[in-house]
Amino acid sequence: MRKLFIALVAVAAAGAASAADLTAGMSKGTPEFKSISALAFGPDGVLFVGDPTAGTVTAIATGDTKAAGKDDVSVDNLGEAAGGVLGVKAADVVLNDVKVNPASGNIYVAASRKAGGSMLMKLDRGTKKLAEFALKDVQFATVKLPNATEKQRTEAITSMAYVGGKLIVAGLSNEEFASTLRAIPVPFKDADKGTSVEIFHAAHNKLETNSPIRTFTPYSVSGADYLIASYTCTPLVRVPVADLKSGSKIKGATVAELGNRNRPLDIIVYTKDKKDYALMANNARGVMKITLEGVEKADSITAGVGGGGTAGTKFETVKELTGVIQLDKLDAERAVIVVDNKEKGLSLQTVKLP
């Protein structure tokens, strides 16, 4: 029993040290952003901000680590609230990303004006108020992405996630295989050229290397870390994190084809009734609940799927969730979603995981 206690203490201490180490090398100052396309959180409230225009990722020690409550959170007029912070009308707001800080439960929003200019905001879970997140005199570090795409600059950074001491960044590069995943060690020193990713696109019935991953989420099973990623026209792809090596070319396993003429928007992983699922929002095919049982060993699809058909891993459409453009896990039982209603505009809601 004493050995078990010592082991648990050692694991806890290692985890605390790991979180604290994320701030190593940071300096105090005011980071500036030309754009913000994606957000991600690491341990201890460290926020990562992707700036595709500048081709950089910045890590910020938010200091936001105190639990902000357990109540549901909702904002009926999110577009109007964000517009008030940006100084524009709700119709002129572009919502780029929404992420929950696991350390506090507060919600961070990246928004832009249609005329240009991005801003980082924080929705306080206690006060339910949305305000600009002050960047003056924060601890931060920035890393430049080498060889980020110049032709399609907005797609240099499409999605990010923190996995086991590294920030995984998806986007396009100038390489021959443009679709790239970069595994950047944290604390930041520099970023390598990344791993080029090839997949079989069942809806297009061909191998593809130039389409960016639109959204991805980490998934750990049987002691191994994977990325569950999705592309336009909705192939769902498995990528082992261990395969991400600078300068290499890999082939992701297409474990599902979820329907063409569709763009995946956001994806999370959760557990319900002792089974693992992915929940993915899409612009044309609603919110999908995708079973992850056996996904780590599922064979890759190698044949085309015509006529808008589907194949591979099982899924269902969650009919109760419509108009969802952003989602993130709030806790083990709930998610935060952003709904775009044509009549009422943007709203932020708390829902039970289906």
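In case you missed it, the structure is sitting above this.
What comes next is a walk through the structure. Just so it is clear, the structure is predicted and the values come from calculations on it, not from any experiment.

Points about the packing of aromatic side chains
Overall, the coordinates contain 5 aromatic pairs when judged by the stated rule. Centre to centre, the rings of Phe41 and Tyr108 are 5.1 Å apart; their planes meet at 70°, and the pair counts as edge-to-face. Highlighted residues: Phe41 in strand S2 (residues 38-41) and Tyr108 in strand S6 (residues 107-113), separated in sequence by 67 residues. For Phe41, a relative accessible area of 12% corresponds to the buried category. By relative accessible area, which is 0% here, Tyr108 ends up buried. A ring pair is formed by Phe48 and Tyr162, whose centres lie 6.1 Å apart and whose planes are at 10°; its orientation type is stacked. Note that Phe48 is positioned in strand S3 (residues 46-51) and Tyr162 in strand S10 (residues 159-163), a separation of 114 residues in sequence. Taking the relative accessible area as the measure of exposure, Phe48 reaches 0% and is therefore buried. Classification of Tyr162 by relative accessible area gives buried; the value is 18%. We note Lys249 situated over the ring of Phe177; from NZ or CZ to the ring centre the distance is 4.4 Å.

Some points on the sheet that holds strand S17 (residues 235-240)
The sheet built from 5 strands is open, its strands ordered S15-S16-S17-S19-S23 with antiparallel pairing. Edge positions in the open sheet fall to strand S15 (215-221) and strand S23 (311-312), since each of these has one partner strand only.

Quick word on the pairing of strand S5 (residues 93-100)
Counted residue by residue, S5 has 6 buried out of 8 residues, so it is predominantly covered. Of the pairings in the sheet, the one linking S5 to S6 comprises 7 bridges and is antiparallel in character. Bridge pairing in S6 links Val93 to Arg113. If you look at the hairpin formed by S5 and S6, you'll find 6 residues sitting between the two strands, and Gly105 has a positive phi there, around 90°.

Definitions and limits used
Residues numbered from 1 in each chain as written. Predicted model: local features only at pLDDT ≥ 70, side-chain atom pairs only at ≥ 80, totals over all residues. Heavy atoms only, no water. Phe/Tyr/Trp six-rings, centres within 6.5 Å; stacked < 30°, edge-to-face > 60°. Helix = DSSP H or I, 4+ residues; strand = E, 2+ residues; numbered from the N terminus. Buried < 20%, exposed > 50% of the residue type's maximum accessible area, 1.4 Å probe, protein only. Lys NZ or Arg CZ within 6 Å of the ring centre and 35° of its normal. Pairing = 2+ DSSP bridges.

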